[in-house]
Amino acid sequence: MATTVSMDTIISLCKRRGFIFQSSEIYGGMGNTWDYGPLGVELKRNVKNAWWRAVVYEREDVEGLDAAILMHPRVWEASGHVESFSDPLVDCKVCRRRFRADDITEQRCPVCGGALTEARQFNLMFRTFVGPVEDAGSTVYLRPETAQGIFVNMHNVATAMRRKLPFGIAQTGKAFRNEITPKNFTFRTLEFEQMEMEFFVKPGTDDEWFEHWVNERRTWYIRFGINPDHLRLRPHAADELAHYAKACQDVEYQFPMGWLELEGIANRTDFDLGRHAQFSSKDLSYYDDVTKERFIPYVIEPSAGADRATLAFLLDAYREETVNDRSRTVLAFHKDLAPVKAAVFPLLKRETQLVETAKRIAADLRRHFNTQYDDTANIGRLYRRQDEIGTLFCVTVDMDTLQDQQVTVRDRDSMTQERVPADRVKQYLLDKLSQ
Ligand code: GAP
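Residues numbered from 1 in each chain as written. Predicted model: local features only at pLDDT ≥ 70, side-chain atom pairs only at ≥ 80, totals over all residues. Heavy atoms only, no water.

## Observations concerning the packing of helix α1 (residues 7-16) against helix α9 (residues 306-317)
Direction vectors running N to C along α1 and α9 enclose 105 degrees, while the axes themselves pass 11 Å from each other. Here α9 runs roughly perpendicular to α1, going by the angle between their axes. Across the interface between the two elements, Met7, Ile10 and Cys14 from α1 touch Leu311, Leu314 and Leu315 from α9. Grouping the constituent residues of the contact of α1 with α9 by class yields six nonpolar, no polar and no charged. (Axes fitted to C-alpha atoms, helices over the stretch in contact; angles between N-to-C directions. Helix = DSSP H or I, 4+ residues; strand = E, 2+ residues; numbered from the N terminus. Parallel < 35°, antiparallel > 145°, perpendicular 65-115°, else oblique. Contact = heavy atoms within 4.5 Å. Nonpolar A, V, L, I, M, F, W, Y, C, P; charged D, E, K, R; others polar.)

As structure tokens, then:
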């Protein structure tokens, strides 16, 4: 079954409930840049943490890294980005709008029908300058991928951590691309976060590791809640491959606008290390002390977008349900991704003792996971509010609590309610969250 929610529904929920806002909105907005609100920042952080846990902590063969965004400009010459990281661009001679040539089907402007210029190559890297003089000698680039920070540190990491092949280096962080026609909410933006890992292997074992990482990465999305029917793998045709790749498979998600890439897994061969060795004149080869061979390692790269993954998790979690004649909207996030784990309410706001107890429980829970306290509506409305942001558990303090010292815990998905001793509720929720 296809994802049924429309992008407009998600965009509106994201704004209303504090997940994602248009950037610089009070100035009319900045095209295709978005700001993550209080719930969005939690959700995206949870997505990145889930990735880091699976790719770094749960494996014994991957290390982490956080390299600088600004790098030596020669890096981008060596990587091939200065020469070939570009899109073909056409301009409308009448309305001056700009399009990617490969998005144009008729040879006319899709907006006003005007004639178009010849296609020309447009480099996607943002440029800036270091220091007060703006000339070629001071030009640096905002990184268009996080991967290069890993390649240039491969030997530092291997030496410091006493690593032998095969091993990987993982990194999350911002990347920037001057996309010509960014669109579709956070799917394609000018700045975005990547979750990349370069896995260094002995040449000849690369095909096997490529298959391994394609499977690992597809499984990760399912593990954290994506319906497998909404995912597919798509191998790249030879003419689509990036300049560095021997093979590539995309993990695609069925977005409302069609099947589109969430992540690419590429066999980058020895291209990057070979080019950095050549451009830096440093020996970046690896000596295998078992086989006594020296070679440049091959690299398998799973490269995911944190913003695209967050968008897919939002779309896939969205449900509209009618239960006992009452309708609700719920974001059925995986427990590790839900931005808020628990909400605590007093049944009656005017009962001081209920309010104090609820606030005390919320403060205690907050020390362990993200918890909200709310007393600004009736209980039905409070439940609906929390369902709509995907909160896993609602804890209600009612008049009975004052007698029996128990609270009601409601489960988001089953909506079942259970009485739990107030002094056990923290442990009860911690147990549920760790299952
Ligand atoms: N290091 C390889 C690399 O950067 P890519 O396919 O160009 O490969 C990897 O990018 C991932 O980064 C994509 O699958 C996508 O999730 C994300 N991504 C790329 N460009 C993006 C953009 N303009 N906006 C949001 N995410 C983007």
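## Points about unusual backbone geometry
At the junction of leucine 165 and proline 166, the peptide bond is cis and its omega measures out at -5 degrees in the coordinates. By the element assignment, proline 166 lies in the loop between α6 (154-160) and β9 (167-176). Phi at asparagine 32 is positive, roughly 55 degrees, even though this residue is not glycine. When you line up the elements, asparagine 32 lands in the loop between β1 (20-22) and β2 (34-36).

## With respect to α1
Within α1 the residues assigned to the buried category are Met7, Ile10, Leu13 and Cys14. Burial along α1 is one-sided: seen end-on, the buried residues are contained in an arc of 130 degrees. Contact partners of the buried residues in α1: β1, α9, β17 (318-323), β18 (326-331) and α11 (379-389). (Buried < 20%, exposed > 50% of the residue type's maximum accessible area, 1.4 Å probe, protein only. Arc of directions from axis to C-beta.)

## Digging into the pattern of salt bridges
Tallied over the entire structure, the rule returns 42 salt bridges. When the shortest N-O distance is used, the salt bridge between glutamate 191 and lysine 174 registers 2.5 Å. You can see glutamate 191 sitting in strand β10 (residues 191-201) and its partner lysine 174 sitting in strand β9, a full 17 residues away along the chain. Exposure remark for glutamate 191: the relative accessible area of 34% places this residue in the partly exposed category. Glutamate 263 is paired through a salt bridge with arginine 217; the nearest N and O atoms lie 2.8 Å apart. You can see glutamate 263 sitting in strand β13 (residues 258-269) and its partner arginine 217 sitting in helix α7 (residues 206-223), a full 46 residues away along the chain. For the residue pair glutamate 263 and arginine 217, the accessibility class agrees, reading buried in each case. The network of salt bridges with common partners includes Arg232, Arg234, Glu240, Asp250 and Glu252. (Salt bridge = Lys/Arg side-chain N within 4 Å of Asp/Glu carboxyl O.)

## Some points on the side chain of glutamine 194
Within the secondary structure layout, glutamine 194 lies in strand β10. Using a relative accessible area of 6% as the deciding quantity, one classes glutamine 194 as buried. Only 3.0 Å separates the side chain of glutamine 194 from the backbone nitrogen of threonine 146, close enough to count as a polar contact. With residues up to four places along the chain from it excluded, the contact list for glutamine 194 reads Pro144, Glu145, Thr146, Gln171, Thr172, Gly173, Ala175, Arg177, Ser303, Ala304, Gly305 and Ala306. (Polar contact = N/O pair within 3.5 Å; in protein donor to acceptor, adjacent residues only side chain to side chain.)

## Some points on the sheet that holds strand β19 (residues 342-346)
Ordered by their spatial adjacency, five strands build an open sheet running β20-β19-β21-β22-β23, and the pairing between neighbours is mixed. This sheet does not close on itself; its edge strands, each paired only once, are β20 (371-373) and β23 (417-421). Sheet twist, expressed as the average angle between the axes of neighbouring strands with direction ignored, equals 25 degrees. Relative to strand β22 (residues 406-411), strand β21 (residues 393-397) runs antiparallel, the two being bridged by four bridges. (Pairing = 2+ DSSP bridges.)

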